Amino acid sequence: MHLIDQIVKTVDQRLLLVFFMLIVFSLALLWSVTEPIRGPYEDLDPGVPKSIFFRQVLWACAGVLMMLVAARLPLRQLENAAWLLYLSLLLLLVLVLVVGSSVSGSRRWLVLGPLRMQPSELAKIALIITTASILSRQHTVRRQIWPALATLFLMTAYFLLVLREPDLGTALVFPAIWMGMIFWFGISGVFLLGLLTCVLSAVISFYSQSVLEHAWPWSVYIVVLIGLLYMGRLRVLSSAFILLGNIAAGLGIPYFWDRLQDYQQKRIMSFFDPASDAFGSGYQVIQSKVAIGSGGLFGTHYLQGTQKGLAFLPERHTDFIFSVAGEELGFAGAIVILALYLFVILRGLDLALKSRRPFPAYLAIGIATYFAFHVVVNVAITSGLLPVTGMPLPLISYGGSNLLTSAFLYGLLINIDARSFDL
Amino acid sequence: MDHPRILRARIFRGVIWLLFTILGVNLFILQMPRHRHFKNQALENRQVSLPIKGPRGRILDRDGVILADNLYIADISLPLDALQDSIPDPTLSRLMSWFGLPEQETLARLADQQDRGRRRLTLIANASHTQYAIVEEYRQDLPGARVDARARRRYLYGPLFAHIVGHVGEVNQADLDTAAAGAVYRLGDMKGKLGIERALESQLRGRNGEKIVEVNASGQIVGSEPLWRQRVGPGKDVTLTLSYTLQASLRELFGERPGCGVAIALPSGEVLAAYSSPSYDPNMLTTVISPAEWERLINDPAKPFFNRVLQGTYSPGSLYKPVTSLCGLSQEVIGTHSVLEACYGGYYFGDRLFRCWKWGGHGELDHGEALVHSCDVFYYQLGLRLEIDQLHATALSLGLGKRCSDLFATEVAGNIPTAAWYDRRYGAHKWTRGIMLNNAIGQGEILVTPLQMVQLAGLLATGGEMFHLTFVQNPAPVAQPMPSLPFSDTHLRWVQHNLEQVVDVGTGTAANLAGIPVAGKTGTTQNPHGKDHAWFMCYAPADAPEVALAVILENAGHGGAEAAPVAGRWLHSYFDWASQNDEGEPVALAKDQGEN
């Protein structure tokens, strides 16, 4: 009780309130989605069992506890433990590929007796802390390229391991977080140029080989790039880095494309060309859009949403829970949820600016990026703006690992908040 | 605060606001201007994905006669809450009175379905046209009631092929839990439970599919063309080596008498007919069977569910005498024309008298005559010259004591005892050589299946140059030749000659056919539970064997008098059938083997 008193007194209480509001939204939506299906579709769709709701209640309790713990954690010790954290998660990510339990073809779970956990979720925490620790240590050094490259390397290790599970959605979170934090770090023009041209190289290579089925546009691109680098009078070392990065990206992309699962390739192709797979992954998006669209301004059928619009929407308690919100709570409810997240993200940005010490600032940026990426991508997928990939809505989607990760990061944000006033 | 940070925070904030605005505007467009469009789509016609069951493959006989196929039938079903605390809702009461269903019995049946966790209650399985027309017609007055079409397995000749074709049943929890099967089976799917249905499940099973259909607000499918997400894959047909004609004539010969018969083609080893009598109708296992009927079948002393061909274990009796002879000849303890002590109707071993089946005795016989007239006294003496393990080895080389095919999980191996087996059974050295007397005439602890006996007839007929027994033509099994026999040609020809004599002048004359030489062996086995079992095994034509047959009639009496005539009549119909087949049996077989 003393602990809670302390937290309530010292922290921004709005941040605390928003946390509980998101948890309440989560439980309210899960209660509704687990109501038995009634009416014409009742035996066409098996429904989601009520036990899902009760399990999430337990996870939510654990999440609140996790948030409180994170809110009181001494940040300096967290900074010191960064490498330990990074390496243990690296080990777990390797372990999950070896002994992980396989669900529909991908190994994402470690099973410890009654507990199942997704190391890839915890790895998000580890990446944020490690990156923050490295970038904040190098804060005053002028040559910024090395910490950037070091963190890029650490991030890529996580990214590749999670991609190997395979879990494309989760894997993409790592580069996203890294980019947010490195942006705050301030990257040199050369580094930015290198990164952008690498992405361009990958995209051109992908298009020329998958869509045009010729390699010459990419070859032309590389020749033009060499010319530009020469005319730009960059330092030889920088030019060499950029050129090598470009060639690696261009040659690597077809390799990664082949590494993608069939369904992932289909999803990406179907996004570029929706007609190609209208009833495969397109089906989910159509159902989701119908659900959101039929919600109108104030929504319909809370507690009976599954009767009309939502039957047959796969993953409606996990990745597609925002469609449930869209249908049952309408535009008003959906905007409230988006506003809550927006508040958290902008608050993180404020904290980064206010914080006197660099480490908490980077943490705040990492956490803000974490929430921003998850929310934007999840909502964009459910409303048909991005191809389907597994991406939970933090604190709202069903699932223990993501809820605990999000709660912990949220707690850290509150922690930084308290300190930024202390200091 | 350094200025770049403030600039970056501004850019960061700008990007976040931009992204959230895009999301918000998109939601606004979906939920406000296009709301009516989506609302209609949700209320009126919407696409749903329906699981579709892949039809199961058919089972055909060798001539293309369909033995098992699928029948599409309609069930009338109600939602779970049609019955609450044993009180029927108006729809259920109305249907019960319209269709004149006995109230108590019906309610008990539905309550039982509720207990078993069904998702809907099946009021009437296999509804008549009138019944489902009524439900469709008065839809408005019968909220909740629905007509569901479903495929039911149909066994066209019911009892005739029951023991070979087997039957299907609903998958159980264990099937669904099995990791490998999990992706394949869904709740309510059918799976082969016995016989060919079980053995060739992977071939017969259809692949479940999913289709997208448009349904309206009351759950009815509208629009004609389904859009497939995953196409249904029909199961593949299976063609048996059995022939409907030959199976039917075998059944006719048995009537309701308990026993069984099995016939194979030579040298292909293809099973032509296999009938276990009495049989049961597998169709009742795929529909609803009344408990009373079930009780009656389970308790029937004639054991209709018992598959005598594959699981019946009997003493071979005198059918074993060729085995004993071949053992004696190959061990060189006796010659083909050796003469032993004359038979006066019995033989003393110690102070115990072992009787010959012929009370008056056979007099003095040589080895060949002893086989033809099945003289027990001769074989008692031959048995005493042999070791139990020698006899065991000979029996095993002739396919006894092990399963004939891997196809059926239920097939049993029988028992051919060894010295070690007797040691285990009675304790070391607590048994005497007296067991050799019983073993020599195929009595005692020896147990064989009728399938092994027809294989034995085939092996003796072909001198071992035949293929392993098979029940299935398509998918074509890999034709594996049986291992060659460890006997000299002279000895085998001697056995073949004497088996022909059995039918010509010996105990099996009742199996004689005009114009076609038949070779065979009779057997009469003592049975502690009643009258003797009558055995007969044979092959024909004796000079160029193309068919072998084993028949056992339980508690019928003497093999020569009871079983041999059945075999003779079946062989007669076999040759009728073979002469009607244009291509002729051996040609077709040669072609099949060539493909492998």
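Residues numbered from 1 in each chain as written. Chains lettered and ligands numbered in written order. Predicted model: local features only at pLDDT ≥ 70, side-chain atom pairs only at ≥ 80, totals over all residues. Heavy atoms only, no water.

(A) Seen up close, the overall build of chain B. The secondary structure content of chain B amounts to 24 helices and 20 strands. In chain B, buried positions account for 51% of the 596 residues. By sequence separation, contacts in chain B at least 24 residues apart represent 70% of the contacts at least 6 residues apart. As presented, chain B carries roughly 26900 Å² of accessible surface, and 52% of it is formed by carbon and sulfur atoms. (Helix = DSSP H or I, 4+ residues; strand = E, 2+ residues; numbered from the N terminus. Buried < 20%, exposed > 50% of the residue type's maximum accessible area, 1.4 Å probe, protein only. Contact = heavy atoms within 4.5 Å. Areas by Shrake-Rupley, 256 points an atom, 1.4 Å probe, with all protein chains shown as cover.)

(B) Representation of the pattern of salt bridges. One pass over the structure, following the stated rule, counts 16 salt bridges over all chains. Here Glu79 of chain A and Arg357 of chain A are joined by a salt bridge, their closest N and O atoms 3.6 Å apart. Separated by 278 residues along the polypeptide, Glu79 of chain A in helix 4 (residues 75-80) and Arg357 of chain A in the loop between helix 14 (321-354) and helix 15 (358-382) bring together distant segments of the chain. The class for Arg357 of chain A is partly exposed, based on a relative accessible area of 22%. Between Arg257 of chain B and Glu562 of chain B there is a salt bridge, with its nearest N and O atoms 4.0 Å apart. Placement of Arg257 of chain B in the loop between helix 11 (244-254) and strand 13 (259-265) and of Glu562 of chain B in helix 23 (residues 559-580) is noted, with a sequence separation of 305 residues between them. Taking relative accessible area as the criterion, Arg257 of chain B reaches 32% and is therefore assigned partly exposed. Residue classification places Glu562 of chain B among the partly exposed residues on the basis of a relative accessible area of 28%. Residues joined by salt bridges that share partners form a network here, namely Arg347, Asp350 and Asp417 of chain A together with Arg13 of chain B. (Salt bridge = Lys/Arg side-chain N within 4 Å of Asp/Glu carboxyl O.)

(C) Fine view of the state of the cysteines. All names here are of chain B. Tallied over the entire structure, the rule returns zero disulfides over all chains. For the unlinked cysteine Cys343, the closest cysteine sulfur is that of Cys375, found at 3.8 Å. The class for Cys343 is buried, based on a relative accessible area of 1%. (Disulfide = S-S within 2.5 Å.)

(D) Here's a closer look at the sheet that holds strand 20 (residues 547-553) of chain B. Residue and element names in this part refer to chain B. Strand order in the open sheet formed by five strands is 14-13-20-19-18, with antiparallel pairing between adjacent strands. Here the strands that pair on one side only, and so sit at the sheet edges, are strand 14 (271-277) and strand 18 (519-525). In this sheet, adjacent strand axes meet at a mean angle of 5° when their direction is disregarded. In terms of strand pairing, strand 19 (residues 533-540) meets strand 20 through seven bridges, oriented antiparallel. Counted as the bridge partner of Met537 is Ala550 from strand 20. Sheet strands touched by helix 11: strand 13, strand 14 and strand 20. Its angle to strand 14, the strand with the most contacts, is close to 30°. (Pairing = 2+ DSSP bridges. Axes fitted to C-alpha atoms, helices over the stretch in contact; angles between N-to-C directions.)

(E) Representation of the pairing of strand 14 of chain B. Residues and elements named next belong to chain B. Counting buried positions along strand 14 gives seven out of seven residues, so the element sits mostly inside the fold. Bridge analysis of strand 13 against strand 14 gives six bridges, and the strand direction is antiparallel. Paired with Val262 across the strands is Ala274, a residue of strand 14. Joining the antiparallel neighbours strand 13 and strand 14 is a turn of five residues, in which Gly269 adopts a positive phi near 75°.

(F) Fine view of unusual backbone geometry. In this chain, Leu266 of chain B is followed by Pro267 of chain B through a cis amide linkage whose omega measures 0°. In this structure, Pro475 of chain B follows Asn474 of chain B across a cis peptide bond, with omega equal to 5°. Positive phi outside glycine occurs at Leu395 of chain A, with the angle close to 70°. With respect to the element layout, Leu395 of chain A can be found in the loop between helix 15 and helix 16 (400-422). Given a relative accessible area of 0%, Leu395 of chain A falls into the buried group. Despite not being glycine, Ser374 of chain B shows a phi value in the positive range, around 60°. Here Ser374 of chain B is to be found in the loop between helix 16 (367-372) and helix 17 (376-384). Taking relative accessible area as the criterion, Ser374 of chain B reaches 2% and is therefore assigned buried.

(G) Looking closely at a nonpolar patch on the surface. A contiguous nonpolar surface patch, about 640 Å² in accessible area, is contributed by Leu385 and Leu386 of chain A together with Leu7, Ile11, Val15, Leu18, Leu19 and Ile22 of chain B. Looking at the element boundaries, Ile22 of chain B is found in helix 1 (residues 3-31). Residue classification places Ile22 of chain B among the partly exposed positions, given a relative accessible area of 43%. (Patch = residues over 30% accessible without salt bridge, like charges linked within 9 Å, V, L, I, M, F, W, Y side chains within 5 Å.)

The values reported here are purely geometric and, on their own, carry no functional implication.
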